[in-house]
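The primary structure of each chain is shown beneath.
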Amino acid sequence: MSKILLKGGTVVSPKGLKKADVLISGEKIVAVGRHIRTDASVVNVSGKLLFPGFIDAHTHFDLEVSDTVTADDFASGTISAIAGGVTTVVDFATQNKGEKLSDALNNWHVKAFAHSSCDYAFHMAISDWREDVRAELEAMFEQGVTSFKVYMIYDAMELSDREIYELMVELKKYGGIVGCHCENSGVIGKLREESVARGDVSPANHPKTRPDYAEAEAVRRFLTIAQAADAPVIVVHLSTAEGYAEVQRARERGVKVFAETCPQYLLLDDSVYDQPFDEASKYICSPPLRKQDDQKVLWQALKNNSLNTISTDHCSFTIEQKRAGTDDFTKIPNGMPGVETRAILMYTYGVRKKRITLQQMCAYLSENPAKLYGMYPKKGAIKVGSDADIVVFEPRGSGTITAAASHSQCGYNPFEGVRREGSIDRVYLRGNMVYSAGEITLLNSGRYVSRKKPMI
Ligand code: URP
Ligand code: ZN
Ligand code: ZN
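Residues numbered from 1 in each chain as written. Chains lettered and ligands numbered in written order. Predicted model: local features only at pLDDT ≥ 70, side-chain atom pairs only at ≥ 80, totals over all residues. Heavy atoms only, no water.

A. The arrangement of the overall build of the protein in detail. The secondary structure content of the protein amounts to 15 helices and 21 strands. With the principal axes as the frame, the protein shows a C-alpha extent of 70 × 50 × 40 Å. Out of the 456 residues belonging to the protein, those deemed buried represent 62%. For the protein, the proportion of contacts with a sequence separation of at least 24, taken over those separated by at least 6, is 75%. Side-chain charges in the protein split into 55 positive and 57 negative, and the spacing between the mean points of these groups amounts to 9 Å. (Helix = DSSP H or I, 4+ residues; strand = E, 2+ residues; numbered from the N terminus. Buried < 20%, exposed > 50% of the residue type's maximum accessible area, 1.4 Å probe, protein only. Contact = heavy atoms within 4.5 Å. Lys, Arg positive; Asp, Glu negative; His and termini not counted. Charge placed at Lys NZ, Arg CZ, Asp CG, Glu CD.)

As structure tokens, this is what we get:
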């Protein structure tokens, strides 16, 4: 079995920073400490930070939506992931109406198998809650799917409050958890119709028709349903101060709620929509980008450990695909890439700006998602027995984010021209070096991660 000793680095964990060498044997970490006696080949990582491989628990690869399919499939999406230090993605297997969950899961296995360059797991997005779907839940857990997603918006996927309640109650039997896209569908649907009828069809109308209170109302309702069901839940891609206030209120009344945000809600604001179509449409995602005041509240929440994960909602489309909405912003496919830039952005604008610590970065990007999604300590830790998924991070130096250096197939980067501090030097996936000095060094070695119940 091949052995590698990563020597002289600083191991980062949510508990602290420790100068330690890491010995990898085959796919596993077998020792962490100083003065390890071994015949392993030595890789000098002095001056570098060693993070547990990052986990992006919110990606949409190869998703058919808005009469098109995302620009990134599992091949390009997971290449982009490893270039961003992500060794595991949790993608959303998505049930179409009328479909069985087993079919949706099988579809996602076919999409990912043999095409993935990082490890992958699946949440199951439920779009059609039926009695036979309820009966399939146990089989989902047996197959390693222990988290589910529901949408309070989008015609093709929306569930009613009653259906969400029923799902939550059912999941309690198995120890699962449900995440929700929280936006008020009725209000937003009408605002969008009125906007188009008035002739207000440019991308600038996207945030105007998805106001912050429409997120906050849905967060409150989702958490009211969770309270009634007495079930743990996750608010995904939380974007507003108002929505965050509802999360905190629910916690105060005893609801077990976890919350995720994404770099775009921390670093970009809705002024990007006041640009010509091709530029503005890159940023059309839902929920939309918000105000700087929202960003401040979300950063403060991260500082206080009051959010749980930072994911990306990577859901990419080319400019050509976005142009489906040239004459009507409601037809622009929603989403943007992000899996490749999350870590470097959180290091540059979180850690280096002293908004979060290195330890918190490790918690939000590695340990917390591993625990919340039932993969810890196989994933999310540099510990003896864990998978040897390791990001060798170079904190020195700086550069600029560009689409030219990115691996997404969408052809642009929402953070084009943005300064970055540090870089991802090397990435190991289960002991194999998959990325080094800007080059992908091993393709298609990703494997399915069958998950256990959330550790909550
Ligand atoms: O605009 C976005 N975020 N598209 C992806 C689907 C979702 O809502 O998470
Ligand atoms: Zn969503
Ligand atoms: Zn999403």
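B. Geometry of the packing of aromatic side chains. Taken as a whole, this structure holds 12 aromatic pairs when the rule is applied. Note on Phe51 and Phe393: the rings are 5.9 Å apart at their centroids and 85° apart in plane angle, and the pair reads as edge-to-face. With Phe51 in strand β7 (residues 49–52) and Phe393 in strand β18 (residues 390–400), the pair connects residues that are 342 residues apart, well separated along the chain. The two residues Phe51 and Phe393 agree in class, both being buried. With a centroid separation of 5.4 Å and 85° between ring planes, the pair formed by Phe61 and Phe74 is classed as edge-to-face. Taken as a pair, Phe61 in the loop between β8 (54–59) and β9 (64–65) and Phe74 in helix α1 (residues 74–83) lie far apart in primary sequence, 13 residues in all. An identical accessibility class is assigned to Phe61 and Phe74; each is buried. Taken together, the aromatic side chains of Phe61, Phe74, Tyr120, Phe122 and Tyr448 make up a single cluster linked through ring pairs. Between the NZ or CZ atom of Lys371 and the centre of the ring of Tyr376, over which it lies, the distance is 4.7 Å. (Phe/Tyr/Trp six-rings, centres within 6.5 Å; stacked < 30°, edge-to-face > 60°. Lys NZ or Arg CZ within 6 Å of the ring centre and 35° of its normal.)

C. Spotlight on the sheet that holds strand β21 (residues 439–440). Spatially, the seven strands line up as an open sheet ordered β3-β2-β7-β18-β19-β20-β21, and their pairing is mixed. Because the sheet does not close on itself, it has two edges, and the strands there are β3 (16–19) and β21. In this structure, strand β2 (residues 10–13) lies alongside β7, joined through two bridges in parallel fashion. Bridged to Val11 within β7 is Leu50. In the packing of helix α14 (residues 342–351) onto the sheet, the strands contacted are β7, β18 and β19 (419–429), and the crossing angle to β19 comes to about 140°. Contacts between helix α15 (residues 358–372) and the sheet are confined to β2, β3 and β7, with β7 contributing the most and set at about 30° to the helix. (Pairing = 2+ DSSP bridges. Axes fitted to C-alpha atoms, helices over the stretch in contact; angles between N-to-C directions.)

D. Main features of the coordination of the zinc ion (ligand 2). Within the first shell, the zinc ion (ligand 2) binds the protein through His181 (ND1) and His237 (NE2), at distances of 2.1 Å. With four donor atoms in place around the zinc ion (ligand 2) and angles of 56 to 141° between them, the coordination shape is irregular. A separation of 3.7 Å is found between the zinc ion (ligand 2) and the zinc ion (ligand 3). With His181 in strand β14 (residues 177–181) and His237 in the loop between β15 (233–235) and α9 (241–252), this pair connects stretches of sequence that are 56 residues apart. Taking the relative accessible area as the measure of exposure, His237 reaches 2% and is therefore buried. (Donors = N, O, S within 2.8 Å, 3.2 Å for Na, K, Ca; no water. Tetrahedral: all angles 85-135°; square planar, octahedral: opposite > 155°, others 65-115°.)

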